[in-house]
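# Structure assessment
These are the residues of each chain, in order.
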Amino acid sequence: MTNLSRRRFLGAGAAVVAGTGAGVACGGGGSGDGASDTTTAAVPALTGDVAVANLVAGLENLVLDIYDALLAAASAGRLGDVPAVVGAIVATARAQHIEHLAVWNQVLQAGGKPAVNEADAGLKPTLDSRLAQVVDVGGAARLALLVEEILADTYLKAIPTLADPESVRAAALMLATDQQHCALLRYALGEVPVPEAVQIPDKAAS
Amino acid sequence: MPGEMTGDADDVVPTPTPGLDGERRTALRTIGRGLGLLAGGCLGGMVAALPASASASSARGTRADAALDIQVLQTAASMETLLVDLYGAALGTGPEGRNAPSALAIAAMPDVTARDTLVRLLTETQAHHREHRLAFQTLTTALGGVQQNDPNPKFASGVAAADVSNPLRLVDYAAVLEKIVTDTYTLDLTLVENVRAKEALAGVMAVEAQHLAVLRVVGALLRDDKSVLVRIPIGNDLVNLPAAMAVIAFPRAMDDVTSSSSVAEPQSGAVL
């Protein structure tokens, strides 16, 4: 999906979850001073809930880019025969990440910051390198699991730092969903679906 | 839904607790009414003045903050006990031993590989809940509270009365309880101040959500008479796993609380 088409999709997604960001708009974790068209490099560093929203929005975009690439590879026959459930996991998770991204972009815009529609620049080279090595369904599922774990761990690490209860709740709900993506991916990979008693954020991005 | 959960919406509206500050009492009442947080309410603004981090709150925290945190942790421990006991009965290690209805049901499963897989999953899940309970109990005492060792009274009678006399009913009922604890800890995260409590609740909630996804999938497979796909590793049978399992495992992008009766409010498992 191109950035343009994704933006169109996000417009619809944002309407669906419009209520979710309302608390942030009311309570506000951000300290924005108005909308800006400049890049983050040209403005003071973001802080608080807005900084977290900026980080996870970049990661959500990164996950979407990876899933788009995996779906394209599958459609082109480059992964061999793809079991129906694996395709369904990626497609369903992708749709849910679009909703998650819409929530964080609402948080950003409520804080006077621009929406994020590009992948996290820090992690993108590493994951693109992993993507280039994917040649089969197993590799695709492992890469999907990795990006889900990164995102879930990032939410886990961020939750105690969030100020607004609405942001906390949104992050917690997304953490739960992402961990469910992980569990089914592990099952598909033949692994123990819930390997740890307590999740530790050892793959969290920052 | 197998079994009956006790209580209705009116019953579970928390009684204001002496010593809690007004804003957090208000937040608790809001939770008792089913939150409506997705409806665009301004709870965020209402409690925005709360400290941003528990480290900050610990420096300037109040006894009321600690009291609510302790209640949350005690109630969490009480929910973990319910789950430990549910799985223990199914594994034949509860008070009824191998004669527990759920243990008998599992033992009678005709597909031995599916049975062994289910036993493995339940064993691992019970071990997780033991660790969760210990974590919550340890945090409770660290905050100066009394350790909660009993099952949650709000849900205990419902669990005791639940019909778990066949594997599908057991798995479905376990999923109900896993959803309850996932929802409960999600809401707790918006209430607690102590950073260690937040970290524990988040780390445990994330695992409960995974348990829920697995149970949903296993339940769907048992319901559709596809126990042959209850396998770890699933191996070549992966191609036979229905695509619908994705939506069954994670049906919504944000699987929010649907009923106020489906959470354990902080007071529900508190002890003095």
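Residues numbered from 1 in each chain as written. Chains lettered and ligands numbered in written order. Predicted model: local features only at pLDDT ≥ 70, side-chain atom pairs only at ≥ 80, totals over all residues. Heavy atoms only, no water.

What follows deals with the overall build of chain A. Across its full length, chain A holds seven helices and zero strands. Per-residue burial over chain A gives 55% buried out of 206 residues. Sequence-distant contacts, at least 24 apart, represent 81% of the contacts inside chain A between residues at least 6 apart. For chain A, the computed accessible surface area is about 7,600 Å², with 57% contributed by carbon and sulfur atoms. (Helix = DSSP H or I, 4+ residues; strand = E, 2+ residues; numbered from the N terminus. Buried < 20%, exposed > 50% of the residue type's maximum accessible area, 1.4 Å probe, protein only. Contact = heavy atoms within 4.5 Å. Areas by Shrake-Rupley, 256 points an atom, 1.4 Å probe, with all protein chains shown as cover.)

Moving on, we get to the overall build of chain B. For chain B, the count of helices and strands is ten helices and zero strands. The order of α-helices and β-strands along chain B, N terminus first, is α-α-α-α-α-α-α-α-α-α. Taking all 272 residues of chain B together, 57% fall into the buried category. Carbon and sulfur atoms make up 54% of the accessible area of chain B, which amounts to about 10,700 Å² in all.

Right, let's talk about the side chain of His129 of chain B for a bit. Residue and element names in this part refer to chain B. Residue placement: His129 occurs in helix α6 (residues 112-142). One polar contact links His129 to Glu80, side chain to side chain, over a distance of 2.6 Å. Setting aside residues up to four positions removed in sequence, His129 forms contacts with Glu80, Leu83, Val84, Tyr87, Glu178, Glu208 and His211. (Polar contact = N/O pair within 3.5 Å; in protein donor to acceptor, adjacent residues only side chain to side chain.)

Let's shift gears to helix α7 (residues 153-161) of chain B. At 3.6 residues per turn, the α-helix brings residues three or four places apart onto the same side. Residue and element names in this part refer to chain B. All buried positions along α7 are accounted for by Lys154, Phe155, Gly158 and Val159. The arc that holds the buried residues of α7, viewed along the axis, is 100°, so those residues lie on one side. Across α7 from its buried face, at more than 90 degrees, point the exposed residues Pro153, Ala160 and Ala161. Next to the buried residues of α7 lie α4 (63-90) and α8 (167-189). N-capping of α7 is provided by Asn152, with a side-chain oxygen placed 2.9 Å from the backbone N of Lys154. (Arc of directions from axis to C-beta.)

Another point: the confidence of the model for chain B. Residue and element names in this part refer to chain B. Here chain B averages 82 in pLDDT, and 77% of its residues register 70 or above. Below a pLDDT of 50 lies the segment residues 1-23, which in the model reaches 53 contacts outside its immediate sequence neighbourhood of four places, other chains included. Taken together, the stretch residues 25-60 has pLDDT below 50 and engages in 79 contacts with residues farther than four places along the chain or on a different chain. The ipTM value of the predicted complex is 0.81, and its pTM value is 0.81. (pLDDT = per-residue confidence, 0-100.)

A separate point is the pattern of salt bridges. With the rule as written, the count across this model stands at 18 salt bridges over all chains. Residue Glu166 of chain A is joined to Arg169 of chain A by a salt bridge in which the shortest nitrogen-to-oxygen separation is 3.3 Å. Here Glu166 of chain A and its partner Arg169 of chain A are both found in helix α7 (residues 165-189), three residues apart, which amounts to about one turn of the helix. By sharing partners, the salt bridges in this structure join Lys179, Asp183, Arg216, Arg252 and Asp255 of chain B into a single network. (Salt bridge = Lys/Arg side-chain N within 4 Å of Asp/Glu carboxyl O.)

Turning our attention to the interface of chain B and chain A. At the junction of the two partners, chain B supplies 61 residues and chain A supplies 54 residues. Taking both partners together, chain B and chain A bury about 4,500 Å²; carbon and sulfur atoms supply 72% of that area. Counting across the interface, chain B meets chain A through one salt bridge. Between Asp256 of chain B and Arg169 of chain A there is a salt bridge whose closest N-O contact spans 2.5 Å. Inspection of the chain B/chain A interface yields eleven residue pairs in polar contact (both at pLDDT 80 or more). Sorting the residues of the side of chain B that touches chain A by element identifies α2 (43-46), α6, α8, α9 (195-223) and α10 (245-249) of chain B as the ones contributing at least two each. The element that contributes the greatest number of residues to the side of chain B that touches chain A is α9 of chain B, accounting for 18 residues. Residues that form the side of chain B that touches chain A fall into these classes: 39 nonpolar, twelve polar and ten charged. (Buried area = accessible area lost by both parts, 1.4 Å probe. Nonpolar A, V, L, I, M, F, W, Y, C, P; charged D, E, K, R; others polar.)

All names here are of chain B. Relative to the elements of secondary structure, Thr81 occurs in helix α4. Within the structure, the side chain of Thr81 is placed 3.1 Å from the side chain of Arg133, a separation counted as a polar contact. For Thr81, the residues in contact, after removing those within four places along its chain, are Arg133, Asn149, Asp150 and Pro151.

Our focus in this paragraph is the environment of Ala115 of chain A. Residue and element names in this part refer to chain A. Considering the arrangement of structural elements, one finds Ala115 in the loop between α4 (84-110) and α5 (124-132). In sequence terms Ala115 and Gly87 are 28 residues apart; their C-alpha atoms lie 29 Å from each other. Those residues in contact with Ala115, other than ones at most four positions away along the chain, are Asn105 and Gln109.

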